Amino acid sequence: MSAGLELADIFRCHGNAYRHAHDGHLGRVERRVMSAVELCRTAELGGHSEVCTSCGLIRCAYNSCRNRHCPKCQGQARADWLAARQAELLPVPYFHVVFTLPAPVAQIAFQNKATVYAILFRAAAETLRTIAADSKHLGAEIGVVAVLHTWGQNLHHHPHLHCVVPGGGPSLDGTRWIACRPGFFLPVRVLSRLFRRLFLEHLQIAFGSGGLGFFGELAELAEPTAFARRLAELRRVEWVVYAKPPFGGPEQVLAYLGRYTHRVAIANSRLISLTDGRVGFRWKDYRHHGKSKVMTLEAFEFIRRFLLHTLPDGFHRIRHYGLLANGHRAEKLALCRKLLAVTATTENPEPVRRHREKAAMTYHLCPCCGGTMITLGPLSRPAACCVSFWYDSS
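Here we summarise the structure given alongside this text. Source: prediction; values computed, not measured. Each chain has its residues counted from 1, following the order in which its sequence is written. At least 70 in pLDDT is required for a residue's local features to be given in this predicted model, at least 80 for side-chain atom pairs to be given and counted, and no such filter applies to totals for whole chains, interfaces and linings, which use all residues. Calculated side-chain values reflect all of the structure's heavy atoms, with hydrogen atoms and water omitted.

1. With respect to the pattern of salt bridges
Next up, step 1: By convention in these notes, a salt bridge is any Lys or Arg side-chain nitrogen within 4 Å of a carboxyl oxygen on Asp or Glu. Overall, the coordinates contain 18 salt bridges when judged by the stated rule.
Next up, step 2: Among the salt bridges present, the one from Glu141 reaches Lys332, with a minimum N-O distance of 3.2 Å. Taken together, the positions of Glu141 in the loop between helix 5 (113-133) and strand 4 (143-151) and Lys332 in helix 10 (residues 329-340) put the pair 191 residues apart, joining distant regions of the chain.
Next up, step 3: Lys293 is the partner of Asp285 in a salt bridge, and the nearest nitrogen-oxygen pair spans 2.7 Å. Numbering goes from the N terminus for both helices and strands, where a helix is a DSSP run of H or I of at least four residues and a strand is a run of E of at least two.

Laid out in structure tokens, this is it:
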């Protein structure tokens with residue numbers, strides 16, 4: 001077992017060999033992610049020197065890569081994002097709804113990430129807003145925070161969307177607040193059917209406009225008849241939409257968002273060993289009630305699975321819809337608070353405080369005595385006398 005094993009260690013040991021072995025198939029995004037993770041918080045990225053005001057320890061604090069796929073670079077970004085979301089929470093129950101793509105669609109998504117992932121966002125948001133606006137179900141305008149995950153616990157490609165939704169919203173004429181039934185948001189069977197129809201409609205449009213590409217075992221789908229046949233098959237498959245029980249309150253919503261919004265495919269804490277070219281890591285088997293297990297993969301296979309989840313440049317994996325959409329969020333939230341007869345909160349909830357303290361603590365405290373570290377100046381080159389610790393500049 002390797003104490004403190006990191007993804008960067010695996011890339012540094014086996015990354016070059018993997019690049020050579022897959023030279024003709026490794027894209028620019030994947031290469032850049034590997035390089036960023038390997039160099040993160042090393043002298044190659046520069047940094048500054050710090051000194052402890054209590055014991056006099058001097059250390060080199062190297063800069064982070066800031067890559068969104070790096071497991072070491074999400075702490076400050078997560079804390080800042082949570083602080084922004086804090087002011088948007090309403091004193092109502094919140095629900096967690098998950099939209100999952102069937103395996104045949106996931107195959108198409110992998111070869112067309114930007115297009116199909118965008119369709120996933122659009123179809124899920126349209127589904128939630130359409131059913132919520134229907135007077136037979138809720139008859140209200142709702143807001144949605146949607147977060148894309150593309151992995152399962154075993155690192156296989158498993159695209160799904162986590163949606164956090166307030167349990168109610170303004171009536172369509174904006175005159176009153178309509179709350180959902182206690183403990184129940186919207187019928188998942190109705191959501192599933194509409195989600196399937198909307199997604200396949202958008203996929204058909206993308207195909208008709210030449211927005212999809214097919215390679216390898218999917219190459220035959222480039223032919224319109226074969227693609228139409230695949231869509232017909234997908235219309236007969238049950239699509240999974242899962243609604244979890246409501247959160248207990250705004251603090252639970254923030255704690256949940258803190259766990260999900262800035263995740264990467266695998267955290268360093270799940271890595272166990274790197275021995276004889278094999279990587280061991282913990283995973284939860286949800287087919288057996290979430291039982292914790294250990295999986296061991298060849299290093300090349302582990303790297304391949306991790307790189308399945310790189311996102312195209314500029315692709316937003318967190319999006320807001322409905323009354324939480326960026327264009328009119330402040331106005332809509334003001335209306336919600338007026339209808340609920342509440343004022344905007346200015347308090348700093350515990351989850352946000354904990355995330356911010358955790359993000360800042362590592363590089364403000366001396367690792368030897370716990371004293372305060374102050375900056376001496378930028379590093380022009382690695383100093384031999386420095387003790388190397390990481391520094392998150394994101």
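2. Overview of the packing of aromatic side chains
Next up, step 1: Pairing of aromatic side chains here covers Phe, Tyr and the six-membered ring of Trp, requires ring centres within 6.5 Å, and sorts the geometry by plane angle: under 30 degrees stacked, over 60 edge-to-face, intermediate tilted. Across all of its chains, the model carries 14 aromatic pairs by this definition.
Next up, step 2: An angle of 75° between the planes, with centres 5.8 Å apart, marks the rings of Phe11 and Phe306 as edge-to-face. Taken together, the residues span a long stretch of sequence, with Phe11 in helix 1 (residues 7-21) and Phe306 in helix 9 (residues 299-307) at a distance of 295 residues. The residues Phe11 and Phe306 share a single accessibility class, namely buried.
Next up, step 3: Plain terms: the ring middles of Phe121 and Phe315 are 6.2 Å apart, the flat faces sit at 50° to each other, and that makes the pair tilted. Here Phe315 lies in the loop between helix 9 and strand 12 (318-322) and Phe121 lies in helix 5, a separation of 194 residues in the sequence.
Next up, step 4: Accessibility here uses a 1.4 Å probe with only protein chains present; expressed as a share of the type maximum, an area under 20% marks a residue as buried, one over 50% as exposed, and anything in between as partly exposed. Judged by relative accessible area, Phe121 falls into the buried class, the value being 1%.
Next up, step 5: Residue Phe315 is classed as buried on the basis of its relative accessible area of 7%.
Next up, step 6: Note on geometry: a ring has a charge over it if NZ (lysine) or CZ (arginine) is within 6 Å of the ring centre and within 35 degrees of the ring normal. It is Arg85 that lies over the ring of Trp81; its NZ or CZ is 4.8 Å from the centre.

3. Some thoughts on the nonpolar core
Next up, step 1: Residues belong to one nonpolar core when they are buried, are Ala, Val, Leu, Ile, Met, Phe, Trp, Tyr or Cys, and are joined through side-chain atoms within 4.5 Å. Core analysis: the largest hydrophobic core is formed by 53 residues, its most contacted members being Leu128, Phe185, Phe195 and Phe199.
Next up, step 2: Elements with a contribution of two residues or more to this core: strand 3 (94-100), helix 4 (103-111), helix 5, strand 4, strand 5 (157-166), helix 6 (188-208) and helix 7 (224-235).
Next up, step 3: Ranked by the residues each element gives to this core, the list is headed by helix 5, at eleven residues.
Next up, step 4: When checking whether two residues touch, look at their non-hydrogen atoms; a contact exists if any pair is within 4.5 Å. Contacts of Phe199, omitting those with residues within four sequence positions, involve Leu101, Val105, Val116, Ile119, Leu120, Ala123 and Trp239.
Next up, step 5: Core analysis: the second largest hydrophobic core is formed by 32 residues, Ile10, Val37, Cys73 and Trp151 among them.

4. With respect to the packing of helix 1 against helix 2 (residues 28-39)
Next up, step 1: At a minimum axis distance of 9 Å, the contact between helix 1 and helix 2 shows a crossing angle of 135°. In terms of axis orientation, helix 1 runs oblique to helix 2. In the crossing of helix 1 with helix 2, the sense of the turn from one axis to the other is left-handed. Contacts from Leu7, Ala8, Phe11, Arg12, Gly15, Tyr18 and Arg19 in helix 1 reach Arg31, Met34, Ser35, Val37 and Glu38 in helix 2.
Next up, step 2: Among the residues making up the contact of helix 1 with helix 2, the classes are represented as six nonpolar, two polar and four charged. Every axis in this analysis is a line fitted to C-alpha atoms, fitted for helices over the stretch in contact. Angles between the N-to-C directions lie between 0 and 180 degrees. Roughly parallel means an angle under 35 degrees; roughly antiparallel means over 145; roughly perpendicular covers 65 to 115; every other angle is labelled oblique. Should the near helix be turned anticlockwise from the far one by less than a right angle, the crossing is termed left-handed; should it be turned clockwise, right-handed. Here the nonpolar group is Ala, Val, Leu, Ile, Met, Phe, Trp, Tyr, Cys and Pro; Asp, Glu, Lys and Arg are the charged ones; every other residue, Gly included, is treated as polar.

5. What to know about the environment of Lys113
Next up, step 1: If you trace the backbone, Lys113 turns up in helix 5.
Next up, step 2: Spatially, the C-alpha atom of Lys113 lies 9.6 Å from that of His309, the residues being 196 residues apart in sequence.
Next up, step 3: Not counting chain neighbours up to four residues away, the residues in contact with Lys113 comprise Ala118, Leu307, Leu308, His309, Thr310 and Pro312.
Next up, step 4: Definition of a polar contact: a pair of N or O atoms within 3.5 Å, with one able to donate and the other able to accept a hydrogen when the atoms are protein atoms, and with sequence-neighbouring residues admitted only if both atoms are side-chain atoms. At 3.0 Å, the side chain of Lys113 forms a polar contact with the backbone oxygen of Leu308.

In short, geometric facts, not functional conclusions.
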